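What follows is each chain in one-letter form.
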Amino acid sequence: MSFSSEVKAELCRTALSRRCCAQAEAYGVLLYCNQFTASQVRISTESNAFAARLPALFHRAFQLSFDRTPEEGAAKRIFSITEPDKLSALWSAFGHEPAGTLAHHINFAVLEEEHCRLAFFRGAFLAGGSVTDPAKRYHLELDTGHAQASREVATLLTEMGFLPHSVRRGGSSVIYFKQSEHIEDLLTTIGAPAAA
């Protein structure tokens, strides 16, 4: 098991108690997953723990189930939602209209409370994050196809006292950290103190 997988497994042990935090975590997942458009949500993961958490997370947050769930034993697990009513519910939960949206922006009203912000970062890491084994080097990154959302996440992290770096890589916007203390603090903050 990779170090990233261990971190994700630890994050997935966080209880889904508050509905507002479940929605914030799901928001992070949606903005950092493979696809979040007006026609489809597609989340792909190799993490067993994250694959087990996703159905419970979306049920707690929105009382929704996925239209497609992974086949048993598949190495890469793919979850998707294509049903228009479900997609509409997801978009409206975050104050967006899919028809007129050209780029994803973060609805900061969803992240007003600190516990919701932390849940959001946990979801972003689960869907689009990776961290290198600290025995090799220090590197944590969050990777999304949504450039504007990535800039807003970098601003949020900066406001919380972190100093993220940003880069464009292919069609992705990547926020990354190379300082061990920032990686340690971020992992502790979002719910992975043992890995930190």
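Residues numbered from 1 in each chain as written. Predicted model: local features only at pLDDT ≥ 70, side-chain atom pairs only at ≥ 80, totals over all residues. Heavy atoms only, no water.

1. Side note on the overall build of the protein
So, point 1. Broken down by element type, the protein carries seven helices and seven strands.
So, point 2. Taken from N to C terminus, the helices and strands of the protein fall in the order α-α-β-β-α-β-α-α-β-β-α-β-β-α.
So, point 3. Taking 196 residues into account, the globule formula puts the C-alpha radius of gyration at 16 Å, and the protein, at 16 Å, falls close to it.
So, point 4. Oriented by its inertia axes, the alpha-carbon framework of the protein measures out at about 45 × 35 × 35 Å.
So, point 5. A burial count over the protein gives 48% of its 196 residues as buried.
So, point 6. Taking as baseline every contact in the protein between residues at least 6 positions apart, the subset at least 24 positions apart corresponds to 67%.
So, point 7. Total accessible area on the protein stands at roughly 9300 Å², and carbon and sulfur atoms take up 48% of it. (Helix = DSSP H or I, 4+ residues; strand = E, 2+ residues; numbered from the N terminus. Rg over C-alpha atoms; globule rule 2.2 N^0.38 Å. Buried < 20%, exposed > 50% of the residue type's maximum accessible area, 1.4 Å probe, protein only. Contact = heavy atoms within 4.5 Å. Areas by Shrake-Rupley, 256 points an atom, 1.4 Å probe, with all protein chains shown as cover.)

2. A look at the pattern of salt bridges
So, point 1. Within the structure shown, the criterion is met by four salt bridges.
So, point 2. Lys-86 is the salt-bridge partner of Asp-67, the closest N and O atoms lying 2.7 Å from each other. Here Lys-86 lies in helix 4 (residues 84-93) and Asp-67 lies in the loop between helix 3 (48-62) and strand 3 (77-81), a separation of 19 residues in the sequence.
So, point 3. Judged by relative accessible area, which is 33%, Asp-67 ranks as partly exposed. (Salt bridge = Lys/Arg side-chain N within 4 Å of Asp/Glu carboxyl O.)

3. Some points on the nonpolar core
So, point 1. Ranked by size, the top nonpolar core spans 60 residues in total, and within it Val-7, Ile-43, Phe-58 and Phe-120 carry the most contacts.
So, point 2. Considering each element in turn, this core owes the most residues, nine residues, to helix 2 (residues 19-32).
So, point 3. Discounting residues that sit within four places of it in the chain, Ile-43 has contacts with Val-29, Cys-33, Asn-34, Phe-50, Leu-54, Phe-58, Phe-66, Arg-77, Ile-78 and Phe-79. (Core = buried A, V, L, I, M, F, W, Y, C linked by side-chain atoms within 4.5 Å.)

4. Description of the packing of aromatic side chains
Geometry of an aromatic ring pair is reported as the spacing of the ring centres plus the angle between the planes.
So, point 1. Evaluation of the coordinates by the stated rule reveals nine aromatic pairs.
So, point 2. Ring geometry for Tyr-27 against Phe-94: centres 3.9 Å apart, planes inclined by 10 degrees, an arrangement best described as stacked. Of this pair, Tyr-27 sits in helix 2 while Phe-94 sits in the loop between helix 4 and helix 5 (114-128), placing them 67 residues apart in sequence. Here the two residues Tyr-27 and Phe-94 agree in accessibility, since each one is buried. (Phe/Tyr/Trp six-rings, centres within 6.5 Å; stacked < 30°, edge-to-face > 60°.)

5. A word on the layout of surface pockets
With a probe scaled to a water molecule rolled over the atoms, the places where space remains empty come into view.
So, point 1. Considered as a void within the structure, the largest pocket measures approximately 400 Å³ in volume.
So, point 2. Lys-8, Ser-44, Ala-127, Gly-128 and Gly-129 are, among the 21 residues lining the largest pocket, the residues nearest its centre.
So, point 3. Across the lining of the largest pocket, the residue classes break down as four nonpolar, 12 polar and five charged. (1 Å grid on protein atoms, 1.4 Å probe; cavity = no way out; pocket = protein on both sides within 12 Å on 5 of 7 lines; lining within 4 Å. Points joined across faces, edges and corners; volume = space filled by probe spheres on them. Nonpolar A, V, L, I, M, F, W, Y, C, P; charged D, E, K, R; others polar.)

6. Looking at the sheet that holds strand 2 (residues 41-45)
Within a sheet, each strand pairs with its neighbour through backbone hydrogen bonds, oriented either parallel or antiparallel.
So, point 1. The three strands lie next to each other as 1-2-3, forming an open sheet whose pairing is antiparallel. Single-partner strands in this sheet number two, and they are strand 1 (35-36) and strand 3.
So, point 2. Those strands touched by helix 4 are strand 1, strand 2 and strand 3, and its axis lies near 90 degrees from that of strand 3. (Pairing = 2+ DSSP bridges. Axes fitted to C-alpha atoms, helices over the stretch in contact; angles between N-to-C directions.)

7. Considerations on empty space enclosed by the protein
So, point 1. One pass over the full model with this rule turns up one cavity of 30 Å³ or more.
So, point 2. By volume, the largest cavity is sized at about 30 Å³.
So, point 3. Lining the largest cavity, in full, are Phe-121, Phe-125, Leu-140, Leu-142, Leu-186 and Ile-190.
So, point 4. Looking at the lining of the largest cavity, the elements with two or more residues in it are helix 5, strand 5 (140-144) and helix 7 (180-190).

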